[in-house]
Structures are given as C-alpha cells and as structure tokens.
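Spelled out, the chains give:
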Amino acid sequence: MDKDTQKYRMVCTLTFGDIYGQIIIWLIVIFITLASTLALWSTTRQIYALATVGIVLVLTLPFLLFAFVTTLLNHIEFTPIEAPVTTHRTTPKVTSTQSPAQAAS
C-alpha cells in the first residue's frame, strides 16, 4: 500500500434555505396542476384531467430531482486532512547530584 496517500474530510454545507425556493416553486406547479385538473373534471373529460396530472408529474419530477442533486453536489466540500506532526520530547537527564524537581526546572 502507498503510505503517501492523502486523506480527505467530506463536509456537506447544505442548509434548508438552499433548497427552499425549489420546493416552493414545485409546490406552486403542483397546485396549478390540481387546479387545472379540477377545471377539466367533468363526466366527459375525466381522462383528460388524469392525463394532465400524470403528464405534469412525469415532466416535472426529473427537473426537480436534477435541481436537488446538483444543489447537493455543489455543497459538498472535500478538504485535505493534515498529517499529525509528531514531536519527540526529550527528557532532561537527572544526575546524581540533582533531585528530580531541580532537573525539571
């Protein structure tokens, strides 16, 4: 194995405010779709109403998922982890004429 491999820390900085606008816009689209479905709903046009809901969901879900995924990927950061620096502490040598308290000072 390579001993010189770099380690990275993954940090996600995504907050709810980053996707809040996307959710609001998609909810507006869904409510407009439901309103148009109710407008088309009658005894002779039920299939058109259901087709309208199906088409809007099929066409908007890929865009919504693409927006969420790209927003998430834009908020993922990889930062390199610094290797810990090892320091060797030398202990003072105690001579026979010094006490350990005197050698430490």
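Look up a bit, the structure's there.
Everything in this summary refers to the structure shown in the same document.

How each quantity is defined
- Residues numbered from 1 in each chain as written.
- Predicted model: local features only at pLDDT ≥ 70, side-chain atom pairs only at ≥ 80, totals over all residues.
- Heavy atoms only, no water.
- Helix = DSSP H or I, 4+ residues; strand = E, 2+ residues; numbered from the N terminus.
- Buried < 20%, exposed > 50% of the residue type's maximum accessible area, 1.4 Å probe, protein only.
- Contact = heavy atoms within 4.5 Å.
- Areas by Shrake-Rupley, 256 points an atom, 1.4 Å probe, with all protein chains shown as cover.
- Patch = residues over 30% accessible without salt bridge, like charges linked within 9 Å, V, L, I, M, F, W, Y side chains within 5 Å.
- Salt bridge = Lys/Arg side-chain N within 4 Å of Asp/Glu carboxyl O.
- Polar contact = N/O pair within 3.5 Å; in protein donor to acceptor, adjacent residues only side chain to side chain.
- Axes fitted to C-alpha atoms, helices over the stretch in contact; angles between N-to-C directions.
- Parallel < 35°, antiparallel > 145°, perpendicular 65-115°, else oblique.
- Nonpolar A, V, L, I, M, F, W, Y, C, P; charged D, E, K, R; others polar.
- Phe/Tyr/Trp six-rings, centres within 6.5 Å; stacked < 30°, edge-to-face > 60°.

As a further point, take the overall build of the chain. A count of helices and strands for the chain gives 3 helices and 2 strands. The order of α-helices and β-strands along the chain, N terminus first, is β-α-α-β-α. Taken across its 105 residues, the chain has 10% of its residues classed as buried. Of all intrachain contacts in the chain linking residues separated by at least 6 positions in sequence, the fraction that spans at least 24 positions is 75%. Carbon together with sulfur atoms contributes 68% to the accessible area of the chain, which is approximately 9,200 Å² in total.

Together, F16, Y20, I24, L27, I28, F31, I32 and L34 line one region of the surface with nonpolar side chains, adding up to about 800 Å² of accessible area. When you line up the elements, Y20 lands in helix α1 (residues 16-40). Taking the relative accessible area as the measure of exposure, Y20 reaches 45% and is therefore partly exposed.

A word on the side chain of T37. Tracing the backbone through its elements, the reader meets T37 in helix α1. With relative accessibility at 9%, the residue T37 sits in the buried group. Sequence-distant contacts of T37, defined by excluding residues within four places in its chain, comprise A49 and V53.

All right, on to the side chain of T71 then. Mapped onto the elements, T71 comes out in helix α2 (residues 46-74). Leave out the neighbours within four places in its chain, and T71 touches L14, D18, I19 and Q22.

Moving on: the environment of D18. In this structure, D18 sits in helix α1. Judged by relative accessible area, which is 30%, D18 ranks as partly exposed. Of note is the side chain of D18, whose polar atom sits 3.3 Å from the side chain of H75.

Let us now look at the packing of α1 against α2. For the pair α1 and α2, the least separation of the axes is 9 Å and the interaxial angle reads 175°. Here α2 runs roughly antiparallel to α1, going by the angle between their axes. In this structure, α1 uses D18, I19, Q22, I23, W26, V29, I30, T33, S36, T37 and L40 to contact α2, whose residues at the interface are Y48, A49, T52, V53, V56, L57, T60, L61, L64, A67, F68 and T71. Of the residues assigned to the contact of α1 with α2, the class counts are 15 nonpolar, 7 polar and 1 charged.

It is worth spelling out the packing of aromatic side chains at this point. Inspection of the entire model under this criterion finds 1 aromatic pair. With centroids separated by 5.4 Å and ring planes inclined at 65°, the aromatic side chains of F16 and Y20 adopt a geometry described as edge-to-face. Separated by 4 residues within a single helix, F16 and Y20 lie in helix α1, roughly one turn from each other. Given a relative accessible area of 52%, F16 falls into the exposed group.

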